[in-house]
Amino acid sequence: ETGVTQSPTHLIKTRGQQVTLRCSSQSGHNTVSWYQQALGQGPQFIFQYYREEENGRGNFPPRFSGLQFPNYSSELNVNALELDDSALYLCASSPGDGPDQETQYFGPGTRLLVL
Amino acid sequence: AQRVTQPEKLLSVFKGAPVELKCNYSYSGSPELFWYVQYSRQRLQLLLRHISRESIKGFTADLNKGETSFHLKKPFAQEEDSAMYYCALATNAGKSTFGDGTTLTVKP
């Protein structure tokens, strides 16, 4: 069984640029959630995708968008980067169905620095 | 709006002492509650969930709907329990909320 993977591990961008972060879900999982984690804080929910449809969204502006593909891998896109977007971005997959549907399995994260 | 509060940023106990990490939540519906743990240089991972009512690594957590709490307890802390602990709430609307975490240090 393959765990959740994310790429890249680190990224440096400048203000105003756009970024795409990628996540490969754990085998058999149809749900993926994305989180932003600033230093010293807990993960903040960005959005969740279930079977390629957005299933829930946190308090993030529209410039944060996502995609989930038929193989359940996922992308997080952030447009018009701001300095405050500097954070660790976590992806988590979950089974989505069955008794364990809400349990999340996290990737190692992508650390984004916006200069 | 849903919210999770972990009032202690840092908690330090001696090995063999009891430990309790506090978690309070606010949510108008029926939440599903979790404790996640992050050991040094490892990724965030599930410790336990209230629905399974099991003990993992000696930890237990009871959902108290009256007090809207889900405190994590262990009667005898071990050094390997030192980690960051996050309480999290999930709803059937596909939204999860995490607390800001408690760093537990177990001293020898």
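Above this text you will find the structure in question.
What counts, and where the lines are drawn
- Residues numbered from 1 in each chain as written.
- Chains lettered and ligands numbered in written order.
- Predicted model: local features only at pLDDT ≥ 70, side-chain atom pairs only at ≥ 80, totals over all residues.
- Heavy atoms only, no water.
- Pairing = 2+ DSSP bridges.
- Helix = DSSP H or I, 4+ residues; strand = E, 2+ residues; numbered from the N terminus.
- Axes fitted to C-alpha atoms, helices over the stretch in contact; angles between N-to-C directions.
- Phe/Tyr/Trp six-rings, centres within 6.5 Å; stacked < 30°, edge-to-face > 60°.
- Buried < 20%, exposed > 50% of the residue type's maximum accessible area, 1.4 Å probe, protein only.
- Lys NZ or Arg CZ within 6 Å of the ring centre and 35° of its normal.

Caption draft 1: How the structure looks around the sheet that holds strand β3 (residues 19-24) of chain A. Residue and element names in this part refer to chain A. Judged by pairing direction, the sheet is antiparallel, and its 4 strands sit side by side in the order β1-β3-β8-β7 without closing on themselves. Pairing within the sheet leaves two strands with one partner each, and these edge strands are β1 (5-7) and β7 (64-68). The mean inter-strand angle of the sheet, taken between neighbouring strand axes irrespective of direction, is 20 degrees.

Caption draft 2: How the structure looks around the sheet that holds strand β3 (residues 19-21) of chain B. Pairing is antiparallel in the open sheet, where 3 strands are placed in the order β3-β8-β7 (chain B). Whereas interior strands pair on both sides, the edge strands pair on one side only; in this sheet they are β3 and β7 (60-61) of chain B.

Caption draft 3: Structural context of the packing of aromatic side chains. Enumeration over the complete set of coordinates arrives at 11 aromatic pairs over all chains. Here the aromatic rings of Tyr35 of chain A and Phe98 of chain B are separated by 5.3 Å at their centres, their planes lie at 80 degrees, and the arrangement is edge-to-face. Note that Tyr35 of chain A is positioned in strand β4 (residues 31-37) and Phe98 of chain B in strand β10 (residues 96-98), a pairing that runs across two chains. Neither Tyr35 of chain A nor Phe98 of chain B differs from the other in exposure class; each is buried. Taking the centre distance of 5.6 Å and the plane angle of 50 degrees together, the rings of Phe59 of chain B and Tyr85 of chain B count as tilted. Of this pair, Phe59 of chain B sits in the loop between β6 (45-49) and β7 while Tyr85 of chain B sits in strand β9 (residues 83-90), and the two are 26 residues apart along the sequence. What links up through ring pairs into an aromatic cluster is the set Tyr35, Phe45 and Phe106 of chain A together with Phe34, Tyr36, Tyr86 and Phe98 of chain B. Positioned over the ring face of Phe14 of chain B is Lys107 of chain B, at 4.5 Å from the centre of the ring.

Limitation: the analysis is restricted to geometry and does not speak to function.
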